[in-house]
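Reading the structure
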Amino acid sequence: MKPTFSLLTALTLLSACETYQSDTRSGELWDTNVASANDGVYINLPYAENLIRVNAAGISIVDLDGAIPNRLVESPDGSQILVFATWQECKETDSDIVFPEDCDELVENSVLSIVSDAAVTSEVEIPSHLNTISFSNDASIAVAYLDYDTSGDIQVDGFADLGEVAFIRIADGTKGSASVGFSPKQVLFSPDNQAVVMSRSQVVAVDLDTFEKTLEAPLTLDADQAIDPSGAELAYDPESGVTNLLLTVQGSSDIYMLNLESKYWNIGDLGSIPSDIGVDDTTAQSVFVFSGSSKAVVLDHTQLATLNSSSLQDVELEEPSNKALMGDGFALLYNDASGAVHDVYKLDLLTRELTEYVVSNPVSELMVTESGNFAVAVVRPENNGGSDYQDSRYGLSILDLSSDESISLVAQSEPIGVALAEDETSSYALALLAGSDTLLQVNLASPNSPVEVDLPASPVSIAAMPDGNFVITHNQSLGMVSILDPATLELQTMSNFAVTNLFEQKELPRTEGNEEAE
Amino acid sequence: MNTLLATLLSGSGTQFEYTYSIAAETGMVEQADVDWNVTDWQRNTGGFRLGYQLTSNVDLLTSVHWGQQSSGYNDYYYDYEEGYESSGLGGYDVAISETLMHVGPKFSWNLKPWFAPYATVQGILIHNRLQMSDDGAFDEDSTTLIDATGVGVGATGALGLEFRTRPVGENLQLFVYGEGGATGATALQFSLKDAGADENDINIGDLGYGGSYFRLGAGTKF
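On a predicted model such as this, the values are computed, not experimentally measured, just so you know. (Residues numbered from 1 in each chain as written. Chains lettered and ligands numbered in written order. Predicted model: local features only at pLDDT ≥ 70, side-chain atom pairs only at ≥ 80, totals over all residues. Heavy atoms only, no water.)

1. Quick look at the overall build of chain A
Within chain A, the regular secondary structure consists of two helices and 40 strands. Residue burial in chain A is summarised as follows: out of 518 residues, 54% are buried. In chain A, once contacts between residues fewer than 6 apart in sequence are set aside, the share between residues at least 24 apart is 41%. (Helix = DSSP H or I, 4+ residues; strand = E, 2+ residues; numbered from the N terminus. Buried < 20%, exposed > 50% of the residue type's maximum accessible area, 1.4 Å probe, protein only. Contact = heavy atoms within 4.5 Å.)

2. Some points on the overall build of chain B
Secondary structure summary: chain B contains one helix and twelve strands in total. Counting from the amino terminus, chain B carries its helices and strands in the arrangement α-β-β-β-β-β-β-β-β-β-β-β-β. Each of the 222 residues in chain B was classed as buried or not, and the buried ones make up 48%. The long-range fraction of contacts in chain B, counting pairs at least 24 apart against all pairs at least 6 apart in sequence, stands at 67%. Only carbon and sulfur atoms are counted for the fraction: they give 57% of the accessible area of chain B, which is about 10,400 Å². (Areas by Shrake-Rupley, 256 points an atom, 1.4 Å probe, with all protein chains shown as cover.)

3. So, the sheet that holds strand β19 (residues 254–259) of chain A
Residue and element names in this part refer to chain A. The strand order β17-β18-β19-β20 describes an open sheet built from four strands, whose pairing is antiparallel. Each having just a single partner strand, β17 (229–237) and β20 (265–269) make up the two edges of the open sheet. On average, adjacent strands in this sheet sit at an angle of 25 degrees to one another, irrespective of strand direction. Inspection of the sheet shows strand β18 (residues 242–249) paired to β19 by five bridges, in the antiparallel sense. Bridge pairing links L245 to L258 in β19. (Pairing = 2+ DSSP bridges. Axes fitted to C-alpha atoms, helices over the stretch in contact; angles between N-to-C directions.)

4. Observations regarding the side chain of Q69 of chain B
Residue and element names in this part refer to chain B. Its location among the elements puts Q69 in strand β3 (residues 58–73). In this structure Q69 comes out as buried when scored by relative accessible area, which is 0%. One polar contact links Q69 to Q31, side chain to side chain, over a distance of 2.5 Å. If we skip the residues at most four places from it in the chain, Q69 touches Q31, W36, T39, D40, W41, Q42, R43, V94, A95, I96 and E98. (Polar contact = N/O pair within 3.5 Å; in protein donor to acceptor, adjacent residues only side chain to side chain.)

5. Focus on the state of the cysteines
Residue and element names in this part refer to chain A. A complete count under the given rule lists one disulfide over all chains for this structure. What pairs with C90 in a disulfide is C103, and their sulfur atoms sit 2.1 Å apart. With the S-S bond torsion at 90 degrees, the cross-link from C90 to C103 turns out right-handed. Of the two residues, C90 sits in strand β6 (residues 81–90) while C103 sits in the loop between β6 and β7 (106–116), which places them 13 residues apart along the sequence. Across the pair, exposure class does not vary: C90 and C103 are buried alike. (Disulfide = S-S within 2.5 Å.)

6. With respect to the pattern of salt bridges
Residue and element names in this part refer to chain A. Within this structure, the stated rule accounts for 15 salt bridges over all chains. A salt bridge links K323 to D336; the nearest nitrogen and oxygen atoms lie 2.9 Å apart. One end of the pair, K323, is in strand β25 (residues 323–326); the other, D336, is in the loop between β26 (330–334) and β27 (343–348), with 13 residues separating them in the sequence. Look at D336 and you get partly exposed, because its relative accessible area is 22%. (Salt bridge = Lys/Arg side-chain N within 4 Å of Asp/Glu carboxyl O.)

7. Overview of the confidence of the model for chain A
Summing up the model confidence of chain A, the mean pLDDT is 87 and the portion of residues at 70 or higher is 91%. Long-range and interchain partners of residues 1–20 of chain A, a stretch whose pLDDT sits below 50, account for 26 contacts in this model, where long-range means more than four residues apart. (pLDDT = per-residue confidence, 0-100.)

8. Things to note about the sheet that holds strand β35 (residues 438–443) of chain A
Residue and element names in this part refer to chain A. If you walk across this open sheet you meet the four strands as β33-β34-β35-β36, and the pairing is antiparallel. Two strands close off the open sheet at either side, each with one partner strand: β33 (415–422) and β36 (451–454). Across the sheet, the mean angle separating the axes of adjacent strands is 25 degrees when strand polarity is ignored.

9. Notes on the packing of aromatic side chains
For any two aromatic rings, the description comes down to two numbers: the centre-to-centre distance and the angle of the planes. In this structure the tally under the stated criterion is twelve aromatic pairs over all chains. Ring centres of Y20 of chain B and Y52 of chain B lie 5.5 Å apart, and the angle between their planes is 45 degrees; this geometry places the pair in the tilted category. Here Y20 of chain B is found in strand β1 (residues 20–29), whereas its partner Y52 of chain B is found in strand β2 (residues 45–53), with 32 residues between them in sequence. Note on Y52 of chain B: relative accessible area 38%, which makes it partly exposed. With a centroid separation of 5.9 Å and an interplanar angle of 35 degrees, the aromatic rings of Y20 of chain B and F222 of chain B are classed as tilted. Taken as a pair, Y20 of chain B in strand β1 and F222 of chain B in the segment after β12 (210–221) lie far apart in primary sequence, 202 residues in all. Owing to a relative accessible area of 39%, F222 of chain B belongs among the partly exposed residues under this scheme. Here the aromatic residues Y20, Y52 and F222 of chain B are joined through ring pairs into a cluster of three or more. Lying across the ring of F330 of chain A, K346 of chain A places its NZ or CZ 5.4 Å from the centre. (Phe/Tyr/Trp six-rings, centres within 6.5 Å; stacked < 30°, edge-to-face > 60°. Lys NZ or Arg CZ within 6 Å of the ring centre and 35° of its normal.)

10. Re the nonpolar core
Judged by nonpolar contacts, the single largest core of 45 residues is most densely connected at W30, I43 and F497 of chain A together with L130, M132 and I204 of chain B. Among the secondary structure elements, those contributing two or more residues to this core are β2 (40–45), β3 (50–55) and β39 (480–485) of chain A together with β6 (92–108), β7 (115–133), β8 (145–164), β10 (188–192) and β11 (202–207) of chain B. Apart from the residues within four sequence positions on either side, M132 of chain B is in contact with L478, V499 and L502 of chain A together with Y92, D93, V94, F138, T144, L145 and I146 of chain B. With 17 residues, the next largest nonpolar core counts V196, A217, L245 and L260 of chain A among its residues. (Core = buried A, V, L, I, M, F, W, Y, C linked by side-chain atoms within 4.5 Å.)

11. Description of empty space enclosed by the protein
All names here are of chain B. A complete count under the given rule lists one cavity of 30 Å³ or more for this structure. A volume near 50 Å³ is recorded for the largest cavity. For the largest cavity, the full set of lining residues is S21, A23, R49, L61, K106, E162, F175, Y177 and K221. Listed by contribution, the elements that provide at least two residues to the lining of the largest cavity are β1 and β9 (173–185). Its residues assigned to classes, the lining of the largest cavity shows four nonpolar, one polar and four charged. (1 Å grid on protein atoms, 1.4 Å probe; cavity = no way out; pocket = protein on both sides within 12 Å on 5 of 7 lines; lining within 4 Å. Points joined across faces, edges and corners; volume = space filled by probe spheres on them. Nonpolar A, V, L, I, M, F, W, Y, C, P; charged D, E, K, R; others polar.)

12. Observations concerning the pairing of strand β9 (residues 132–135) of chain A
Consecutive residues of a regular strand have side chains that alternate between opposite faces of the sheet. Residue and element names in this part refer to chain A. Residues T132 and S134 of β9 are buried on one face, and the alternating residues I133 and F135, pointing to the opposite face, are buried as well. As paired strands, β9 and strand β10 (residues 141–145) are joined by four bridges and run antiparallel to one another. By the bridge assignment, T132 is partnered in β10 with Y145.

13. Some thoughts on the side chain of T283 of chain A
Residues and elements named next belong to chain A. Positionally, T283 belongs in the loop between β21 (276–280) and β22 (285–289). When its relative accessible area of 15% is taken as the criterion, T283 is described as buried. Within the structure, the side chain of T283 is placed 2.5 Å from the side chain of D280, a separation counted as a polar contact. Apart from the residues lying within four places of it in its own chain, the contact partners of T283 are G329, L349 and L350.

14. Focus: the environment of A434 of chain A
Residues and elements named next belong to chain A. Counting through the fold element by element, A434 comes out in the loop between β34 (427–433) and β35. For the pair A434 and V460, spaced 26 residues apart in the sequence, the C-alpha separation amounts to 8.2 Å. Leave out the neighbours within four places in its chain, and A434 touches S413, E414 and I416.

15. Points about the environment of L401 of chain A
All names here are of chain A. Within the element layout of this structure, L401 appears in the loop between β31 (395–400) and β32 (405–410). Classification of L401 as buried rests on a relative accessible area of 4%. Between the alpha carbons of L401 and G372 there is a distance of 7.2 Å; along the sequence they are 29 residues apart. When residues no more than four places from it in sequence are discounted, the contact partners of L401 are F330, L332, K346, Y357, V368, G372, N373, F374 and A375.

Take a look at the structure:
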C-alpha cells in the first residue's frame, strides 16, 4: 500500500500548489489619451495590447497584425489615425515557441500604422526612437522625428541615427528619410511644399515631393560651437512673395532670418533673449516676447529683405510676457511662468494699439475662440497662497476682446480640462473641474450663470473632435468615454470597452507557425 | 487513539450493502491559464457528491462544486519593468463565480471492509460567471459593469482511497476519501454581448481549467 499513499500524496500536493506561469502584461486597461477621428474614438488598451475604435455603432477591434500600439496621433483632418506600434520577433528557429516570453532572442520592430475606418491602410517601418509627428499643411505628409523634450524612454535598436527624420505619405504609406543633424527640434512646412527642420547648429529643408534635401544651412561656421534653436516660424513676405524662416536660438538675443528662395541668412538683434514667436499672416507681421524684459517686438514681413534694427519695433509692456498667442490680426501676450504677473495684453497688429487686461491670478493657459471675440485664461493660485479667497484658488478669466472687459471666475477646484466652442451667435467655454461629476458650459458673453451638465462619472479630459463634438474621458478603469454635442449638450456615453481581449495572451505575430495556426 | 480508529474501521468482515451515498467535499481543478492572474490565488471549491451503486464494485458519481475568486485593483498597477506604478484611474474589482459539475463511474477495489482504493473517470461541465466593475458593487447601478458567463466541458481521471467506518446501525456507513488526478477541459469563452459594431459580440477572452485535480470528502452510504 505504501506506493499508493505516496502517489496520492504527490498528486494532492501538486494539485494544491499554484502553478506559476509567466505573464508579462501590465499597465492600465485603457489609455485616456484617446485619438478622435471622423469615424470614432480610437483607444489604446495597454494591458490587452490592442487598439479599438468606439463609436455609436459599438466597439471595433483594429487588427494591427500583432503589433502592440504605444501611442496614437490623429491626422489634422480626422481622416486617419497614426499608431506608433511595435511587433515582437523571435530570432530563434524553434517552431515550438509560440509566446514572446518563451523566446530568449526577442527583438522589437517599430512601425507606424496608418488606420482609417478601424482598419490598417498601410504600415511603415520606422526607427524606434522617433517619437513625434508633425503634419504638412495639407495633412498629406507626416513627418516623424525624435524630440528629446517628449516624455518617455528613447528606444534604440542596434545603432540609430538620432538625427533621422522620416517622411511618410499618408495616402499610400510610402516613406522617405533624411538625416538633418543632431537633435531635430521643430519641423515647419512652407507654402512651396518644403519641410524645414531645425536641429542643432543647422537648418535643413526637404522637398516633400522627392524627400530630397534642398538646403543645408549651418547656424555657425565654428564646428565646435553648438547652437540650439529655441523657436522658429515661417514668415511670408507678401510684397516679394518669398517665405522666410525666423529662428531664435537659446541664450541669444539674435534673430536669424533665412530666405528660403535665395538661401541667404540675415541676422538682427532683438535686444533681449526671446521666449516665444508668433506669426500673423493676416497682417504679415511677427511678434516676439521676452520672459526677462517688459516689451514685445514687432517685425513687419515686408522689411525682411532689409532686416536691420529699424525693422524691429518695440512695444513697451508693464509686465514681461513669455508667450504670444496669435489671433486674426492681433496677438495676446501673457506670462505662464511667473507667479507675480497678472497681465494679459492684446496687441492690435494693424493699429499697434495695446490693451491691458488684469486677471485675478497667474495664468496657466490661455485660449482664444475661433472668431477672436473672446479669450479664456485658466488661472492658478498665487505662489504664496495669497491673502484673499480668490488669490488662493483656481479660476477662469474671460476676456471680451471686443469690449476690452474681463471677468474673473473662481473655480471650486482645479480645472482639469477646458475647451472652447462657438455657434453662430455665442461662444462658450466647456470646463471640467477636479472632483466634480459636472461639466460647466459657460456662455462667455454672460459667464455668471453657467449651465451644468451631469456626467456619468468623474471626468479626466475633454478634447474637440473633428466633427465639432467633444470627447470626454472618464475616470473608469473598465473604460468610459462620452461624446458631447455642444449644441444640445446631450451626452452619448460608451463604457466597458477596456475589457476587450483582456484574457487573450498575444502570440508571436508574423511567424509562419502561428499564422498557420490562426 | 489507535484503539478507537481500529474500532471505527473494523467491520463485520463483509461489505456493507448500500444503494446511495452522499458526501461533502472540497477540492480543486487547476486553473492552467495565466489570465487567471486577474484574480487572486486560486482557492478550493466546495460542494457535495452523490453516488448510486451499480454493482458491488462500481458506483455512478455526480458532484457539484461552487467557488469564488475575486480581486480588487486600486489606483496602482504592477509594471514588470518599472515596478509598482501609480495609475491615473481609480481601479476596478473582479469576481469570478465558479460552478463545476462532475459525472462518471467509480471503480472500487474492496480490499477490506474498511478500505477501498478506487479509480474514477468523470466528465466535467464548468460554468463561470465573470463580474467586473469600477465600484465593486456588480449591480445595475454600477457606472461600469461586466457580467459575462462562460462554459467549458472536459474530463477528469483520478485515483483515490476510501476509508469506511463500521456500519452505524443497519443502514448507514460513514466514509472519508481523498483522490487526485488530472483534468482536461475546453476553455471558457467570455464576451461582451452585442457590444461590437453591427451588434456582434466583442471578445473578452478565455479562461482555462486543466492540469492537476484533487478532492477530499466525507459522507455516508445508505
